[in-house]
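Given next are the chains, with one letter for each unit.
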Amino acid sequence: LFQRGGDAPVELSIGLLTAQHPLPSADGKRLYFEGKLDRNEFVRYDLKSGGISPALAGISGAWLEFSKDGKWMTYVSVPQGTLFRAAPDGSQRFQLTWPPLDVFEPRWSPDGKEIAFGAKVPGKPPRIYVVPSEGGSPRQITNGEAEEDTDPSWSPDGSTLVFGGIGVHWTVEGSLHAVDVRTGRVSTMAGSKGMWSPRWSPDGNFIAGLNGRRLVLYDVRTQSQIQLPGPAGGYPNWSADSEYLFFYNDGSG
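Reference entry: report on the structure contained in this document. (Residues numbered from 1 in each chain as written. Predicted model: local features only at pLDDT ≥ 70, side-chain atom pairs only at ≥ 80, totals over all residues. Heavy atoms only, no water.)

**Side note on the side chain of S201**
Consideration 1: Of note, S201 is situated in the loop between β17 (195-200) and β18 (206-211).
Consideration 2: Of the polar contacts made by the side chain of S201, one reaches the backbone nitrogen of N205; its length is 3.3 Å.
Consideration 3: Not counting residues up to four positions away in its chain, the partners in contact with S201 are P156, F206, W238 and S242. (Helix = DSSP H or I, 4+ residues; strand = E, 2+ residues; numbered from the N terminus. Polar contact = N/O pair within 3.5 Å; in protein donor to acceptor, adjacent residues only side chain to side chain. Contact = heavy atoms within 4.5 Å.)

Structure follows, in structure tokens:
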């Protein structure tokens with residue numbers, strides 16, 4: 001195993017196991033490692049009782065989102081990283097992407113006909129794609145305008161996707177970008193400097209996002225940012241009536 005070779009690294013493990021903590025044997029002939037296989041379970045939160053119960057038995061996935069009409073859902077399988085469409089009870093599963101695409105953050109278009117998502121392929125930064133919800137070839141629609149293009153969010157009329165980037169939020173130059181889904185034309189949104197993780201409100205008036213780790217609102221009409229009071233947050237999401245904003249806080253600030 002450890003005979004002298006070239007300078008390029010050689011892949012030793014294959015499959016879905018995550019390999020970590022490698023350790024060679026005393027005689028140098030074997031390499032031992034800890035293998036991990038991720039599994040996720042979905043749960044349902046009851047708003048009235050506050051109770052949590054298992055949901056979608058048998059599905060290991062992440063990034064769950066329902067279509068606007070509630071008739072379908074989409075999720076990313078774990079650990080495969082492939083995109084699926086299914087009925088709300090988990091039946092009628094239909095695979096929409098295949099390796100080498102490693103998918104995250106799927107978002108339904110307002111009319112339910114398309115799903116936008118971020119994805120990576122080995123050795124390349126993430127980009128944003130769109131795929132028909134009935135199946136078809138995913139179409140790449142960004143090309144690094146936000147360095148690492150992530151977090152797609154549809155405009156209410158379905159003509160535009162706003163996106164940020166994982167890489168740019170650590171720099172002061174990062175901004176939100178908008179791409180015309182049909183023409184592919186990308187533009188930087190004036191007044192959005194420092195923002196990432198955007199979520200367009202259903203009424204179209206605001207884009208919630210983060211500036212650093214602070215929640216902000218981007219006013220689409222005035223092209224300006226409004227910092228929201230309260231703790232640091234992440235993963236902002238709007239209520240259907242645009243009156244409330246939900247977000248994640250890990251208690252660190």
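On we go from here.
**A closer look at the sheet that holds strand β8 (residues 94-95)**
Consideration 1: Strand order in this open sheet of four strands is β5-β6-β7-β8, and the pairing throughout is antiparallel. Either end of the sheet is taken by a strand with one partner, and the two such strands are β5 (61-66) and β8.
Consideration 2: Relative to strand β7 (residues 83-86), strand β6 (residues 73-77) runs antiparallel, the two sharing four bridges. Within β7, the position partnered with M73 by the bridge is A86. (Pairing = 2+ DSSP bridges.)

**Here's the deal with the environment of Q227**
Consideration 1: Along the chain, Q227 falls in strand β20 (residues 224-227).
Consideration 2: Counting along the chain gives 17 residues from Q227 to L210, while the straight-line C-alpha distance between them is 9.1 Å.

**Here we look at the pairing of strand β11 (residues 127-132)**
Consideration 1: Burial analysis of β11 places five of its six residues in the buried class, which makes it a mostly covered element.
Consideration 2: The sheet contact formed by strand β10 (residues 114-120) and β11 spans six bridges and is antiparallel. The partner of F117 across the bridge, within β11, is Y129.
Consideration 3: Linking β10 back to β11 in an antiparallel pair, the connection comprises six residues, with G123 at a positive phi of about 80°.
Consideration 4: Both β11 and strand β12 (residues 139-140) contribute to a ladder of two bridges, which runs antiparallel. Along β12, the bridge assignment pairs Y129 with Q140.
Consideration 5: What sits between the antiparallel neighbours β11 and β12 is a turn of six residues, in which G135 has the positive phi angle 110°. (Buried < 20%, exposed > 50% of the residue type's maximum accessible area, 1.4 Å probe, protein only.)

**Structural notes on the packing of aromatic side chains**
Consideration 1: Inspection of the entire model under this criterion finds five aromatic pairs.
Consideration 2: Here W63 and Y235 contribute two aromatic rings whose centre-to-centre distance is 6.3 Å and whose plane-to-plane angle is 55°, an arrangement assigned as tilted. Taken together, the positions of W63 in strand β5 and Y235 in strand β21 (residues 234-238) put the pair 172 residues apart, joining distant regions of the chain.
Consideration 3: With relative accessibility at 33%, the residue W63 sits in the partly exposed group.
Consideration 4: You can call Y235 partly exposed: its relative accessible area is 48%.
Consideration 5: Note on Y75 and F84: the rings are 5.6 Å apart at their centroids and 10° apart in plane angle, and the pair reads as stacked. The two residues Y75 and F84 agree in class, both being buried.
Consideration 6: Lying over the aromatic face of W72, R85 brings its terminal NZ or CZ to 4.5 Å of the ring centre.
Consideration 7: The ring of F206 carries R221 above its face, with NZ or CZ at 5.9 Å from the centroid. (Phe/Tyr/Trp six-rings, centres within 6.5 Å; stacked < 30°, edge-to-face > 60°. Lys NZ or Arg CZ within 6 Å of the ring centre and 35° of its normal.)

**Notes on the sheet that holds strand β13 (residues 149-154)**
Through backbone hydrogen bonds, the strands of a sheet pair up, either in parallel or in antiparallel fashion.
Consideration 1: Sheet architecture is open: four strands sit in the order β13-β14-β15-β16, paired in antiparallel fashion. Bordering the open sheet on either side are β13 and β16 (186-188), each of which pairs with just one other strand. Geometrically, the sheet is characterised by an average inter-axis angle of 30° between neighbouring strands, direction not taken into account.
Consideration 2: Where strand β14 (residues 160-165) lies against strand β15 (residues 177-180), four bridges are found, and the strand directions are antiparallel. Note that in β15 the partner of T160 across the bridge is D180. (Axes fitted to C-alpha atoms, helices over the stretch in contact; angles between N-to-C directions.)

**Brief notes about the pairing of β6**
Consideration 1: Within β6, five of the five residues are buried, leaving the element largely enclosed by the surrounding structure.
Consideration 2: Across the two faces of β6 the burial is the same, with M73, Y75 and S77 and T74 and V76 all buried.
Consideration 3: In this sheet, β6 lies alongside β5 in antiparallel orientation, the contact comprising four bridges. When the sheet's bridge partners are listed, G61 is paired in β6 with S77.
Consideration 4: Hairpin connection between β5 and β6: a loop of six residues separates the two successive antiparallel strands, and G70 in this loop has a positive phi of roughly 75°.
Consideration 5: The hairpin formed by β6 and β7 contains five residues between the paired strands, and G81 there has a positive phi angle of roughly 80°.

**Observations regarding unusual backbone geometry**
Consideration 1: Geometrically, the link from V78 to P79 is a cis peptide bond, its omega value of 10° lying close to zero.
Consideration 2: One can find P79 in the loop between β6 and β7.
Consideration 3: In this structure, the amide linkage connecting P99 to the following residue, P100, adopts the cis form with an omega of 15°.
Consideration 4: Relative to the helices and strands, P100 is located in the loop between β8 and β9 (102-108).

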